[in-house]
Amino acid sequence: MERLNSCVALIKQCTGIKDLSRLHAEILRYGFLHGKKGHIIATTLISMYAKCCLFSKAQELLENLHIQDVVSWNVMLTAYSGSGHPSMTLKLYRQMQAEGVNTNEATCVIVLQSCSLLFVEAQSAVNKRILIKDMCLEFVQALHAETRRKGFASNIIVGNSLLSLYGKFGAISDVENVFSALSLPDIISWTNLLIAYVEQGQGEKAIYLYKHMLKEDFDLDDVILVCILQAC
C-alpha cells in the first residue's frame, strides 16, 4: 500500500511531460502496472497524460489496461470534456457502449456536460447549427432513456443536468418528464423548470410553479425573481 501511495503521489507531482514520461518508464521497469494496485497507478497516469494534453498516450494506456472498469473510462471522459473536446467525449462514450462497459451516474453527468458544451459550440456554427442541435438532442434523449433503464433517472445530479439541457433545447415535455421522475427535486431542479417555462413563453405555468415554490418555503434568489418578472 505504501508503494502504491508513493507512486500515485509522484505521478501527481510531475510538472511536465518529461517528468511524467521518465516516471512512467520507471513504473514499467519495475512492473508496477500489474494487478489491482497497478490499475490505480495506471488510472492516475491516464489522468496526468490527459492534463498534459497527450490524449493519444492516455488513450493507449486505457486500451492496454488489464482491468478496464468504469472508473478508468470516466477519467478519460473527464479529460476530454474538461479540455474542451466534447465531440471526443461523445465518441469515447459510444466506444464504451460498443465494448459493453457498465456505465454509472458519473458517466452520464460527464457526457451530459459535453452535450452542453457541444450545444454552446453550435450557437456559433452558423452553417451547421440546426444539424448539431438536432444531433445533441437525439443524443441526450438516448442517454436519458439509458438512465431510466439503469435507474439513474431519480439521481438529482443526473436529473438536474438533463433538466438544464432539455431547457436549452426548448423540449418542455422532456423537462417535465425529468422533473416528475425526481424523488426529491432541489432548488436547482425547480429553477431549471422555471427557466424553461419562461424561455418558452409559458408565463402562466411559471407563475403557478413560483406559487408552489413559495409554499415549499424555498430560499428564492435573484435568478428566480428575475424569471418571475419576465413571466409577468
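Refer to the preceding data block for the structure.
Since the structure is predicted, the reported quantities are computational estimates derived from the model, not experimental observations. (Residues numbered from 1 in each chain as written. Predicted model: local features only at pLDDT ≥ 70, side-chain atom pairs only at ≥ 80, totals over all residues. Heavy atoms only, no water.)

**Considerations on the pattern of salt bridges**
Phase 1 of the analysis: A full pass over the atoms with the stated rule returns 2 salt bridges.
Phase 2 of the analysis: With its nearest N and O atoms 3.3 Å apart, the salt bridge here joins Glu146 to Lys150. Within this pair, Glu146 and its partner Lys150 are both found in helix H8 (residues 129-150), separated by 4 residues, close to a single helical turn.
Phase 3 of the analysis: On the accessibility criterion, Glu146 (7% relative accessible area) is buried.
Phase 4 of the analysis: Residue Lys150 is classed as partly exposed on the basis of its relative accessible area, which comes to 33%.
Phase 5 of the analysis: With its nearest N and O atoms 3.1 Å apart, the salt bridge here joins Glu176 to Lys205. Of the two residues, Glu176 is situated in helix H10 (residues 172-181) and Lys205 in helix H12 (residues 203-215); the sequence distance between them amounts to 29 residues.
Phase 6 of the analysis: Among the residues examined, Lys205 registers a relative accessible area of 38% and is labelled partly exposed. (Salt bridge = Lys/Arg side-chain N within 4 Å of Asp/Glu carboxyl O. Helix = DSSP H or I, 4+ residues; strand = E, 2+ residues; numbered from the N terminus. Buried < 20%, exposed > 50% of the residue type's maximum accessible area, 1.4 Å probe, protein only.)

**Some remarks on unusual backbone geometry**
Phase 1 of the analysis: Phi at Cys53 takes a positive value of approximately 65°, unusual for a residue other than glycine.
Phase 2 of the analysis: Its location among the elements puts Cys53 in the loop between helix H3 (35-51) and helix H4 (55-63).

**Re helix H13 (residues 222-231)**
Since one α-helical turn is 3.6 residues long, residues separated by three or four positions face the same way.
Phase 1 of the analysis: Every buried residue belonging to H13 is among Ile224, Cys227, Ile228 and Ala231, and all of these are buried. What you see down the axis of H13 is that its buried residues fit within an arc of 95°, all on one side. Facing away from the buried side of H13 by more than 90 degrees, the exposed set consists of Asp222, Leu229 and Gln230.
Phase 2 of the analysis: Those residues of H13 that are buried lie in contact with helix H11 (187-199) and H12.
Phase 3 of the analysis: Put simply, Asp221 is the residue that caps the front of H13, since its side-chain oxygen is 3.3 Å from the backbone nitrogen of Val223. (Arc of directions from axis to C-beta. Contact = heavy atoms within 4.5 Å. Polar contact = N/O pair within 3.5 Å; in protein donor to acceptor, adjacent residues only side chain to side chain.)

**With respect to the packing of helix H9 (residues 156-169) against H11**
Phase 1 of the analysis: Taken N-terminus to C-terminus, the directions of H9 and H11 make an angle of 10°; their axes are 9 Å apart at the nearest point. As summarised for this structure, H9 and H11 are arranged roughly parallel, according to the angle between their axes. Touching Ile156, Asn160, Leu163, Ser164 and Gly167 of H9 are Ile188, Ser189, Asn192, Ala196 and Glu199, all from H11.
Phase 2 of the analysis: A breakdown of the residues in the contact of H9 with H11 according to their chemical character gives 4 nonpolar, 5 polar and 1 charged. (Axes fitted to C-alpha atoms, helices over the stretch in contact; angles between N-to-C directions. Parallel < 35°, antiparallel > 145°, perpendicular 65-115°, else oblique. Nonpolar A, V, L, I, M, F, W, Y, C, P; charged D, E, K, R; others polar.)

**Some details on helix H6 (residues 86-98)**
Phase 1 of the analysis: Across its 13 residues, H6 extends 19 Å between first and last C-alpha, which sits within 8% of the 18 Å expected from 1.5 Å per residue.
Phase 2 of the analysis: For H6, the set of buried residues is Pro86, Thr89, Leu90, Leu92, Tyr93 and Met96. Projected down its long axis, H6 carries its buried residues within an arc of 160°, all on one side. Those residues of H6 that are exposed and angled more than 90 degrees off the buried face are Lys91 and Ala98.
Phase 3 of the analysis: At the exit of H6 stands Gly100, carrying a positive phi of roughly 75°. (Expected span 1.5 Å × (residues − 1).)

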